[in-house]
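Overview (structure and organization)
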Amino acid sequence: TQLLEQSPQFLSIQEGENLTVYCNSSSVFSSLQWYRQEPGEGPVLLVTVVTGGEVKKLKRLTFQFGDARKDSSLHITAAQPGDTGLYLCAGVRSSNTGKLIFGQGTTLQVKP
Amino acid sequence: DVKVTQSSRYLVKRTGEKVFLECVQDMDHENMFWYRQDPGLGLRLIYFSYDVKMKEKGDIPEGYSVSREKKERFSLILESASTNQTSMYLCASSSRGRGPSEQYFGPGTRLTVT
């Protein structure tokens, strides 16, 4: 069974601090996605990483896919209260079917 | 603006009742999914459909069934609701094609079984 372990599960920081969320697996994924979910809403895709070692930036968010395509990280620089939410990593099980396996999620609270 | 809608945001049912959760997407997507979301467990796949009338079990199908009679609509059925099915249920859709595609999610249905 493929598993994705996300850490930490909870993070409460002050505005302006930096943070990193990790997503690890013993399995290799063809690609990996990161979603953000706000209260009362469904998750929304932030990024897809496909190539081992790939780094993608989305404003203050930096996503990295491990060289062996078994792990990924999300780094947020100078966090803002608007970054508050649940961050989910998801490994793509099959590009044909689009099925994903999700990590447990990281709840981030950024205090003003 | 792409959209996935779910029939109810909140639902309260009694143990043993039959429960229907409806999901509709307007993006002409081939793939549709039902997940349940519980704290500390992330999203777990219940059922998946890749075409009309086609379905495939996910990781936790026990106690659930699904129906997809039209491309845009995917229903989740709890045949006899139990308290351990109290959860947030999320529907999603995606297009079929080469490479990983984005899943679009509905806002969720919070189901409480008493």
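Residues numbered from 1 in each chain as written. Chains lettered and ligands numbered in written order. Predicted model: local features only at pLDDT ≥ 70, side-chain atom pairs only at ≥ 80, totals over all residues. Heavy atoms only, no water.

**Here we look at the environment of T86(B)**
Residue and element names in this part refer to chain B. With respect to the element layout, T86 can be found in the loop between β8 (73-78) and β9 (87-94). By relative accessible area, T86 is classed as partly exposed at 32%. Separated by 21 residues in sequence, T86 and P107 have C-alpha atoms that sit 17 Å apart. In this structure, T86 is in contact with R36, D38, L111, T112 and V113, ignoring residues within four places of it in sequence. (Helix = DSSP H or I, 4+ residues; strand = E, 2+ residues; numbered from the N terminus. Buried < 20%, exposed > 50% of the residue type's maximum accessible area, 1.4 Å probe, protein only. Contact = heavy atoms within 4.5 Å.)

**Quick look at the interface of chain A and chain B**
Between chain A and chain B, the contact holds 25 residues from the first and 24 residues from the second. When chain A packs against chain B, the two sides together hide about 1800 Å² of surface, and 51% of this comes from carbon and sulfur. On the surface where chain A and chain B come into contact, there are 1 salt bridge. With a closest N to O distance of 2.8 Å, K99(A) and E56(B) form a salt bridge. The interface formed by chain A and chain B holds 6 residue pairs in polar contact (both at pLDDT 80 or more) in total. Where the side of chain A that touches chain B is concerned, the elements lending two or more residues are β4 (32-37), β5 (44-49), β9 (85-92) and β10 (100-102) of chain A. (Buried area = accessible area lost by both parts, 1.4 Å probe. Salt bridge = Lys/Arg side-chain N within 4 Å of Asp/Glu carboxyl O. Polar contact = N/O pair within 3.5 Å; in protein donor to acceptor, adjacent residues only side chain to side chain.)

**Quick look at the layout of surface pockets**
Looking at the largest pocket, its volume works out to about 570 Å³. For the largest pocket, the lining is made up of 27 residues, of which Q37(A), L86(A), Q37(B), P39(B) and R110(B) are closest to its centre. Listing elements by their share of the lining of the largest pocket, those giving two or more residues are β9 and β11 (106-111) of chain A together with β4 (31-38) and β9 of chain B. Looking at the lining of the largest pocket element by element, the count peaks at 3 residues for β11(A). (1 Å grid on protein atoms, 1.4 Å probe; cavity = no way out; pocket = protein on both sides within 12 Å on 5 of 7 lines; lining within 4 Å. Points joined across faces, edges and corners; volume = space filled by probe spheres on them.)

**Side note on unusual backbone geometry**
With omega at -10 degrees, the peptide bond leading from S7(A) into P8(A) counts as cis. Assignment of secondary structure puts P8(A) in the loop between β1 (5-7) and β2 (10-14). We note that K59(A) has phi near 55 degrees; this positive angle belongs to a residue other than glycine. Locating K59(A) in the fold gives a position in the loop between β6 (55-58) and β7 (61-65). Here K59(A) falls in the exposed class, since its relative accessible area comes to 85%. Within the chain, D28(B) stands out as a residue other than glycine whose phi angle is a positive 60 degrees. Here D28(B) lies in the loop between β3 (19-25) and β4. Take D28(B): its relative accessible area is 53%, and that puts it in the exposed class.

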